[in-house]
Amino acid sequence: MPLDYDIRSGVIWFVTEGDVDYEDGLETLGTAIREAARRDADQRWDVIFDIRLSSEQRSADELRGIADFVAGHKAVLSGRCAVVAGDAFHFGLGRMFSAYSESNGVEALVARDVGSATSWLNGEPVESS
């Protein structure tokens, strides 16, 4: 599956490999969020999108739609989201997503490595990339 998820340690991790159909991706996001809510109704989950293996070329409308989808689940999610990008193109897409997320009240960080993303979610200072 090109978009997979794992739920652990207060974080819903999404990993994209290759290209993911937009609608299928939203469906997977919803499935993961519902599963996290069932696991612990009192937990507010952070989100990491690991797109280092992605070949996606999301449009601005799709990035806004994903940001809106995440923001629409504030009852389950913490309001903090990190994107891990491995190349300049996907880093730029991550920055666009981050801007849309922040306009919806979701704090977002784009990082080049998982360690920076998890540190930021844990409240540790991270140098911007």
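Use the structure listed above.
Treat the numbers as computed from the prediction; the structure is a model and nothing was measured.

Draft legend 1. Examining the environment of Leu 93 more closely. With respect to the secondary-structure elements, Leu 93 resides in helix 3 (residues 88–103). For the pair Leu 93 and Val 110, spaced 17 residues apart in sequence, the C-alpha to C-alpha distance is 9.4 Å.

Draft legend 2. Molecular detail of the packing of helix 1 (residues 22–39) against helix 2 (residues 60–71). The geometry of helix 1 relative to helix 2 is characterised by a closest axis approach of 11 Å and an angle of 15° between their N-to-C directions. As judged from the angle between their axes, helix 1 and helix 2 are roughly parallel. As for the relative orientation of helix 1 and helix 2, their crossing is right-handed in sense. Between helix 1, through Tyr 22, Leu 26, Leu 29, Gly 30 and Ile 33, and helix 2, the contact on the second element is made entirely by Glu 62, Gly 65, Ile 66 and Phe 69. Tallied by class, the residues present in the contact of helix 1 with helix 2 amount to six nonpolar, two polar and one charged.

Draft legend 3. Representation of the packing of aromatic side chains in the model. All chains considered together, the criterion is met by three aromatic pairs. Each residue in the set Tyr 5, Phe 14, Phe 49 and Phe 97 is aromatic and connected to the rest through ring pairs, giving one cluster. Over the ring of Trp 120 we find Arg 80, and its NZ or CZ is 4.1 Å from the ring centre. The ring centre of Phe 91 lies 4.1 Å from the NZ or CZ of Arg 112, which sits over that ring.

Draft legend 4. View of a negative patch on the surface. A cluster of acidic residues, Asp 19, Asp 21, Glu 23, Asp 24 and Glu 27, forms a negative patch at the surface. Structurally, Glu 27 can be placed in helix 1. Judged by its relative accessible area of 56%, Glu 27 is exposed.

Draft legend 5. Summary view of the side chain of Asp 50. With respect to the secondary-structure elements, Asp 50 resides in strand 3 (residues 45–54). At 2.6 Å, the side chain of Asp 50 and the side chain of Arg 52 are in polar contact.

Draft legend 6. Focus on helix 1. Taking 1.5 Å per residue, 18 residues should reach 26 Å; helix 1 reaches 26 Å between its end C-alpha atoms and fits that length. Looking at helix 1, one finds that the buried residues are Tyr 22, Gly 25, Leu 26, Thr 28, Leu 29, Gly 30, Ala 32, Ile 33 and Ala 36. The secondary structure elements touched by the buried residues of helix 1 are strand 1 (3–8), strand 2 (11–18), strand 3, helix 2 and strand 4 (77–84). At the N-terminal boundary of helix 1, the capping side chain belongs to Asp 21, with an oxygen 3.2 Å from the backbone nitrogen of Glu 23.

Draft legend 7. Quick peek at helix 3. Here helix 3 contains 16 residues, and its C-alpha end-to-end distance of 23 Å stays within 8% of the 22 Å for a straight helix at 1.5 Å per residue. Buried residues of helix 3: His 90, Phe 91, Leu 93, Gly 94, Phe 97, Ser 98, Tyr 100 and Ser 101, and no others. Among the structural elements, strand 3, helix 2, strand 4 and strand 5 (107–111) are those in contact with the buried residues of helix 3. If you check the start of helix 3, you find a side-chain oxygen 3.2 Å away from the backbone N of Phe 89, and it comes from Asp 87. One or two residues past the end of helix 3 sits Gly 105, with phi positive at roughly 85°.

Draft legend 8. Spotlight on unusual backbone geometry. Even without glycine at this site, Ser 9 takes up a positive phi of about 50°. With respect to the helices and strands, Ser 9 occurs in the loop between strand 1 and strand 2.

The rules behind the values
Residues numbered from 1 in each chain as written. Predicted model: local features only at pLDDT ≥ 70, side-chain atom pairs only at ≥ 80, totals over all residues. Heavy atoms only, no water. Helix = DSSP H or I, 4+ residues; strand = E, 2+ residues; numbered from the N terminus. Axes fitted to C-alpha atoms, helices over the stretch in contact; angles between N-to-C directions. Parallel < 35°, antiparallel > 145°, perpendicular 65-115°, else oblique. Left-handed = near helix turned anticlockwise from the far one by under 90°. Contact = heavy atoms within 4.5 Å. Nonpolar A, V, L, I, M, F, W, Y, C, P; charged D, E, K, R; others polar. Phe/Tyr/Trp six-rings, centres within 6.5 Å; stacked < 30°, edge-to-face > 60°. Lys NZ or Arg CZ within 6 Å of the ring centre and 35° of its normal. Patch = residues over 30% accessible without salt bridge, like charges linked within 9 Å, V, L, I, M, F, W, Y side chains within 5 Å. Areas by Shrake-Rupley, 256 points an atom, 1.4 Å probe, with all protein chains shown as cover. Salt bridge = Lys/Arg side-chain N within 4 Å of Asp/Glu carboxyl O. Lys, Arg positive; Asp, Glu negative; His and termini not counted. Charge placed at Lys NZ, Arg CZ, Asp CG, Glu CD. Buried < 20%, exposed > 50% of the residue type's maximum accessible area, 1.4 Å probe, protein only. Polar contact = N/O pair within 3.5 Å; in protein donor to acceptor, adjacent residues only side chain to side chain. Expected span 1.5 Å × (residues − 1).

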